[in-house]
Amino acid sequence: MKPMTKTGRKRLIVRSALVAVYVALLVLMLLMGKRHTILIDNKEAEDGSYAAIDGMSVQIDSLESAEYYPGDRDKAVVNGQRHKIKIEIFAESKVVEQSFTVPFGQEMLILSVPKLVAGITPYVETFVPQTESAVAADSSQPQEFGGDAAAPEAAPVAPTLIQ
């Protein structure tokens, strides 16, 4: 094996630096370019531990603020992992600002504003669509539609070609 020349060493350093820059850009784009859907929820707890807020304005990052009343839920589509939420409660003239981080790998989250204002953690939870959870719960029982419907008809037979 020949010893490395001065030019060969420079090439190796430049190529290594380029690989490091590409890897850094890849990681940056993965974290900063990822879109997330945040469901903003203003519902009270089933057990009564916190109540829905009667009239508020919520703004996430620099998106347009929206008004919420008890029972409302809306969505905000954001980019990146770190976000800032600003909540203005109408009745109390109170402003709450909080930063939160979206867990890596999560695409859709529920942010419970009443929990955040009450200081209950976690106020950000993973969203599981109701259809998936309902299917998982009912997967043991076969589903039947139209109890008195007739048996399914046989498929029509394809015509044969005469040559």
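Conventions used here
- Residues numbered from 1 in each chain as written.
- Predicted model: local features only at pLDDT ≥ 70, side-chain atom pairs only at ≥ 80, totals over all residues.
- Heavy atoms only, no water.
- Helix = DSSP H or I, 4+ residues; strand = E, 2+ residues; numbered from the N terminus.
- Buried < 20%, exposed > 50% of the residue type's maximum accessible area, 1.4 Å probe, protein only.
- Contact = heavy atoms within 4.5 Å.
- Areas by Shrake-Rupley, 256 points an atom, 1.4 Å probe, with all protein chains shown as cover.
- Pairing = 2+ DSSP bridges.
- Axes fitted to C-alpha atoms, helices over the stretch in contact; angles between N-to-C directions.
- Salt bridge = Lys/Arg side-chain N within 4 Å of Asp/Glu carboxyl O.

Visitor: So what about the overall build of the protein? Which residues, and what values?
Guide: Looking only at helices and strands, the protein features three helices and eight strands. Walking the protein from its N terminus toward its C terminus, one meets helices and strands in the order α-β-β-β-β-β-β-β-α-β-α. Evaluated residue by residue, the protein yields a buried proportion of 22% over its 163 residues. A separation threshold of at least 6 residues defines the contact pool for the protein, and within that pool the share at least 24 residues apart is 53%. Here the protein displays about 12600 Å² of accessible surface, and carbon together with sulfur accounts for 57% of that area.

Visitor: Give a detailed account of the sheet that holds strand 5 (residues 82-89), specifying residues and quantitative values.
Guide: One open sheet accounts for four strands, arranged 3-2-5-6; its pairing is antiparallel. A strand with exactly one partner marks an edge of an open sheet, and here the two such strands are strand 3 (66-68) and strand 6 (94-101). When the angles between neighbouring strand axes are averaged without regard to direction, this sheet yields 25°. Alignment of strand 2 (residues 56-60) against strand 3, held across three bridges, turns out to be antiparallel. Bridging across to strand 3, Met56 finds its partner in Tyr68.

Visitor: Help me get a handle on the environment of Lys34, residues and values and all.
Guide: Within the secondary structure, Lys34 sits in the loop between helix 1 (6-32) and strand 1 (35-42). Separated by 46 residues in the primary sequence, Lys34 and Gly80 have C-alpha atoms spaced 5.6 Å apart. Sequence-distant contacts of Lys34, that is, excluding residues within four places in its chain, are made with Met29, Val78, Asn79, Gly80 and Glu107.

Visitor: Pulling in residues and values, what's your account of the pattern of salt bridges?
Guide: Applying the stated criterion across every chain yields a total of three salt bridges. Across the salt bridge formed by Asp41 and Arg73, the nearest N and O atoms sit 3.4 Å from each other. A residue pair is termed long-range when its members are at least 10 positions apart, and Asp41 in strand 1 and Arg73 in strand 4 (residues 72-79) qualify at 32 residues. With a relative accessible area of 38%, Arg73 lands in the partly exposed category. Residues Glu97 and Lys84 are paired through a salt bridge, measuring 3.2 Å at the closest nitrogen-oxygen approach. With Glu97 in strand 6 and Lys84 in strand 5, the pair connects residues that are 13 residues apart, well separated along the chain. Assessed through its relative accessible area of 44%, Glu97 is described here as partly exposed.

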